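# A look at the structure
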Amino acid sequence: MTLFEFKKKVLGLIEELNPDSEFLTDDPDIQAKINEVINQRMFELIRYKKIPKYVEMNVSTGDIIRFEDIERACGYEVYQLGTVCGITYVPKASGTVLKVTEGGVAEIDCYVYPERITENTKDKAYEFELTPDVLEIMPYGVAGDLLKSDVSADNGNVYSANYESMKQMLDSRYQHTSISFEGGIYI
């Protein structure tokens, strides 16, 4: 989904959509704050449904791997390491730095922040990296925030309540793993 499509969805939800306007709305307050509100909700929701990335790095014994090194390799701002395979290492600084004790190809699963939306972001060029379930929930959070200081604050409260309810049902998993045993288990 593009930022343009997302804004149309939010603005249609709060009945502020003007498809003839270059900003999709005639309300200057909404025009001024919609991108930052979308960022706030997007960065909140990726903590529930993370954006995984995979990176391979050639490392040598004694190397120190920092988030910045992984960020350069994958092109995203890293906020959490998942698993690291293919090398022997010792985690340092609460797992934000890895000291390589035996080199090789580090296979790194990490979680990254999405690309931040700014006032210079092109609505039709920006593609969300969020999953479809997150993109169905997020408009309600954005709508609630956009309307919380509006005369129609009751509408904002309704959208915020729906958002909080749907957020609780968000499944953080990307896949379901199942194991079956045939013939019984002997312990």
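Check the entry above for the structure.
My aim in this report is to walk through the structure given alongside it, one point at a time. (Residues numbered from 1 in each chain as written. Predicted model: local features only at pLDDT ≥ 70, side-chain atom pairs only at ≥ 80, totals over all residues. Heavy atoms only, no water.)

### Here we look at the nonpolar core
In this structure, Ile38, Ile65, Ile70, Ile108, Phe128, Leu130 and Met138 are the most contacted members of the largest nonpolar core, which totals 49 residues. Sorting elements by how many residues they give to this core places helix 4 (residues 132-147) first, with eight residues. Those residues in contact with Ile108 that lie beyond four places of it in its chain are Lys53, Tyr54, Val55, Met57, Ile70, Leu81, Thr83 and Val84. (Core = buried A, V, L, I, M, F, W, Y, C linked by side-chain atoms within 4.5 Å. Buried < 20%, exposed > 50% of the residue type's maximum accessible area, 1.4 Å probe, protein only. Helix = DSSP H or I, 4+ residues; strand = E, 2+ residues; numbered from the N terminus. Contact = heavy atoms within 4.5 Å.)

### Remarks on the layout of surface pockets
What the largest pocket holds in volume is close to 350 Å³. In this structure, the largest pocket is lined by 17 residues; those nearest its centre are Lys7, Asn35, Glu119, Thr121 and Asp123. For the lining of the largest pocket, the element with the highest residue contribution is helix 2 (residues 28-45), accounting for seven residues. Within the lining of the largest pocket, the residues separate by chemical class into four nonpolar, six polar and seven charged. (1 Å grid on protein atoms, 1.4 Å probe; cavity = no way out; pocket = protein on both sides within 12 Å on 5 of 7 lines; lining within 4 Å. Points joined across faces, edges and corners; volume = space filled by probe spheres on them. Nonpolar A, V, L, I, M, F, W, Y, C, P; charged D, E, K, R; others polar.)

### A look at the sheet that holds strand 5 (residues 97-102)
Taken in spatial order, the three strands line up as 2-5-4 in an open sheet, and their pairing is antiparallel. One side of each edge strand has no neighbouring strand; the edge strands of this open sheet are strand 2 (64-66) and strand 4 (88-92). In this sheet, adjacent strand axes meet at a mean angle of 30° when their direction is disregarded. Of the strand pairs in this sheet, strand 4 and strand 5 are connected by five bridges, and their pairing is antiparallel. (Pairing = 2+ DSSP bridges. Axes fitted to C-alpha atoms, helices over the stretch in contact; angles between N-to-C directions.)

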